[in-house]
Each structure stands twice: as C-alpha cells, then as structure tokens.
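In case you want the letters, here they are:
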Amino acid sequence: MKARILIIEDEKKIAEILKLYLEREGFSVIHVLTAKDALSLIKEDIPDLIILDLILPDMDGEELCSLIKKNYDIPVIMLTAKSSEEEKVKGFEAGADDYVVKPFGPKELMARIRARLREKKKTGRLSFNRGELIINTRNHEVLIGGKPVNLTNTEFKILLLLAGRPGQVFTREEIISAVFGYDFEGYDRTVDAHIKNIRHKIELDPGKPAFLRTVYGAGYKFTGTRDEG
Ligand code: CA
C-alpha cells in the first residue's frame, strides 16, 4: 500500500513541484491550499504524513499543527521560509516532528519523510491481551481473535484514544473534544452510544467488557494489557 501524504501549502507552484516529486518517489499525494480544507480532509481520511507550510491564508501553521496533533497521531513536517532558531522552536513546540527550510533540496525532504514514516511504522501496530485485540493505526484495521472487525471512523478514533493510554480514565468531554474536535457541541450520550457499539464489536461479553470499562461518575478507561514488542 502506498503511503498517503497530505501537502498543506497555499503556494501552488511549490505544491505542484512537490506533488510531482513525491508521486515519482511512489507516494500517493493529496494537496490542499487552506487549513480549513486540511482539517475536513483529515477527518474523512487520515493521511500517513503531513507536509505543512507555516504561513497559510486562514490559519498559522503552528496553530494548525497543534490542532492536528491534539487529535491525531500523524507525523508533521513543517515547511517554511523561516529559518531562525526561534521559529524552529515554535514549530517543535506546536508538535511538529521535523522542520525543512525553503528552499530545500528534494533529497533532504525525502530522507526526512522516509525517516518519519519508518518511525511511525514501528508504532503502527498495537497488540493487547496476547494478540486478542490488535489495532493497526496505519490502515485502521482492528482484529479480535485474528478476525477483522468493522469499526466506523468515529468508533476507531475512540478506541485508539483510550487504548493509547491503558488505565487512564477519560471523561466523556475529553473523548468528545479529542474525537470530534474542540468546537463540537456533543452530548455525553453520544459517547455512551459509541462505546456501546464498540463493545458489541470487540468484547466477547459486552455486559462484562474486558477492554472498555465504565468508570462510574467519571468516564471510560481501556483495560487491555499491551503486549511486548
Ligand atoms: Ca505559504
């Protein structure tokens, strides 16, 4: 499967050259011009890596990077004309995984992309309870006892959020904000309904869940045990 790269860059010329180059290197590339388009696209289809320009017409690259990083585990490489130490630090503080200064050599960028994708691949597969539950973050595959389970995009995000921190209690508000975004006017019951659906799909006995437990008066926690390796 080709790795999918999202380019967020308002300078069309740069984006086009980059897209051509990346496609020739075997990547599948999507390009958007604005932060708004980027956010709605990521919600639909999570890319494997993001190349993000620091100055966009509708939002600061740093702000967009923080927003993305709050909700998704996607490597972000910042692309920018800014080269001062201070600007780099700001980028890293916003959660950027790497930083490339324009004008950049395509070989350098390619090396950085491959390095980030390699890192991600290592952590792409989460296995719990001796392989009973496997979550593949790269292709959104969930396996129970080796059999694929069909989760909706929202269900997958909720499961991944909780399974990413076993034992930690998440409130319904935290789940809503992480999965639907900060401005979503969600109801607590929305979360309960999703949890119920996930349990029916992944739990042997949804009435006595082994993975997604209710913490009364608080929220939910994931109680699977992560396998080594
Ligand atoms: Ca720009």
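Criteria and thresholds
- Residues numbered from 1 in each chain as written.
- Predicted model: local features only at pLDDT ≥ 70, side-chain atom pairs only at ≥ 80, totals over all residues.
- Heavy atoms only, no water.
- Donors = N, O, S within 2.8 Å, 3.2 Å for Na, K, Ca; no water.
- Helix = DSSP H or I, 4+ residues; strand = E, 2+ residues; numbered from the N terminus.
- Phe/Tyr/Trp six-rings, centres within 6.5 Å; stacked < 30°, edge-to-face > 60°.
- Buried < 20%, exposed > 50% of the residue type's maximum accessible area, 1.4 Å probe, protein only.
- Axes fitted to C-alpha atoms, helices over the stretch in contact; angles between N-to-C directions.
- Parallel < 35°, antiparallel > 145°, perpendicular 65-115°, else oblique.
- Contact = heavy atoms within 4.5 Å.
- Nonpolar A, V, L, I, M, F, W, Y, C, P; charged D, E, K, R; others polar.
- Left-handed = near helix turned anticlockwise from the far one by under 90°.
- Pairing = 2+ DSSP bridges.
- Domains from an automatic or database assignment.
- Buried area = accessible area lost by both parts, 1.4 Å probe.
- Salt bridge = Lys/Arg side-chain N within 4 Å of Asp/Glu carboxyl O.
- Polar contact = N/O pair within 3.5 Å; in protein donor to acceptor, adjacent residues only side chain to side chain.

Asker: Explain the coordination of the calcium ion to me, please; I cannot follow it from the model alone.
Answerer: For a metal bound by four donors in tetrahedral geometry, the ideal donor-metal-donor angle is 109.5 degrees, whereas six donors in octahedral geometry ideally sit at 90 or 180 degrees. Every protein donor of the calcium ion is accounted for by Asp10 (OD), Asp53 (OD) and Ile55 (O), and the metal-donor separations fall at 2.0 to 2.3 Å. Motif for the calcium ion, donor spacing along one chain: D-x42-D-x1-I. Of this pair, aspartate 10 sits in the loop between β1 (4–8) and α1 (12–24) while aspartate 53 sits in strand β3 (residues 49–53), placing them 43 residues apart in sequence.

Asker: Which parts of the structure should I look at to understand the packing of aromatic side chains?
Answerer: Working definition: an aromatic ring pair is given by the centre-to-centre distance plus the angle between the planes. Under the definition given, this model contains two aromatic pairs. Between the aromatic rings of phenylalanine 128 and phenylalanine 222, the centroid separation amounts to 4.8 Å while the plane-to-plane angle is 65°, which identifies the pairing as edge-to-face. With phenylalanine 128 in strand β6 (residues 125–128) and phenylalanine 222 in strand β12 (residues 219–222), this pair connects stretches of sequence that are 94 residues apart. Relative accessible area serves as the criterion here: at 0%, phenylalanine 128 is assigned to the buried category.

Asker: Quick question: what am I supposed to make of the packing of helix α6 (residues 153–163) against helix α8 (residues 188–202) here?
Answerer: Packed helices, taken two at a time, are described by the angle their axes make and the gap between the axes. At a closest axis distance of 10 Å, the pairing of α6 and α8 adopts a crossing angle of 85°. Of the possible angle classes, the one that applies to α6 and α8 is roughly perpendicular. Contacts between α6 and α8 pair Thr154, Glu155, Ile158 and Leu159 from the former with His194, Ile195, Asn197, Ile198, Lys201 and Ile202 from the latter. For the contact of α6 with α8, the per-class residue count stands at five nonpolar, three polar and two charged.

Asker: Help me understand the packing of α6 against helix α7 (residues 172–180), please; the structure alone is not making it clear to me.
Answerer: Between α6 and α7, the shortest axis-to-axis distance is 10 Å and the interhelical angle comes to 120°. Classified by the angle their axes make, α6 and α7 are oblique. Considering only the axes of α6 and α7, their crossing is right-handed. From α6, Thr154, Lys157, Ile158, Leu161 and Leu162 reach across to α7, where they touch Ile175, Ala178, Val179 and Phe180.

Asker: Just to check I follow, could you spell out unusual backbone geometry for this structure?
Answerer: A cis geometry characterises the amide bond from lysine 102 onward to proline 103, with omega recorded as -5°. Among the secondary structure elements, proline 103 is positioned in the loop between β5 (98–101) and α5 (106–122). For asparagine 129, which is not glycine, the phi torsion reads 45° and is therefore positive. Secondary-structure assignment places asparagine 129 in the loop between β6 and β7 (133–136). Judged by relative accessible area, asparagine 129 falls into the partly exposed class, the value being 28%. Phi at arginine 130 takes a positive value of approximately 50°, unusual for a residue other than glycine. Mapping arginine 130 onto the fold places it in the loop between β6 and β7. On the accessibility criterion, arginine 130 (82% relative accessible area) is exposed.

Asker: I'm lost on the sheet that holds β12 in this one. Help?
Answerer: Strand pairing in a sheet takes place through backbone hydrogen bonds and is either antiparallel or parallel in direction. One open sheet accounts for three strands, arranged β10-β12-β11; its pairing is antiparallel. Of all the strands in the sheet, the pair left with one neighbour each is β10 (169–170) and β11 (212–215). The sheet contacts of α6 involve β10, β11 and β12, and relative to β12 the element is tilted by about 70°.

Asker: Would you take a moment to explain the domain arrangement of the protein chain for this structure?
Answerer: Buried accessible area, meaning the area lost when the parts come together, often serves as the stated size of an interface. What the domain assignment lists for the protein chain is domain 1 (4–122) and domain 2 (125–222). Domain 1 and domain 2 are separated by 28 Å when their C-alpha centres are compared. Taken together, the nine residues of domain 1 in the interface contact ten residues of domain 2. Together domain 1 and domain 2 conceal approximately 900 Å² of surface at their shared face, both sides included; 42% is due to carbon and sulfur atoms. Viewed at the interface, domain 2 and domain 1 are joined by zero salt bridges. Taken together, domain 1 and domain 2 are joined by one residue pair in polar contact (both at pLDDT 80 or more). Those elements that provide at least two residues to the side of domain 1 that touches domain 2 are α2 (35–44) and α3 (61–71). The dominant element in the side of domain 1 that touches domain 2, judged by the number of residues it contributes, is α3, at three residues. The residue inventory of the side of domain 1 that touches domain 2, partitioned by class, reads three nonpolar, one polar and five charged.

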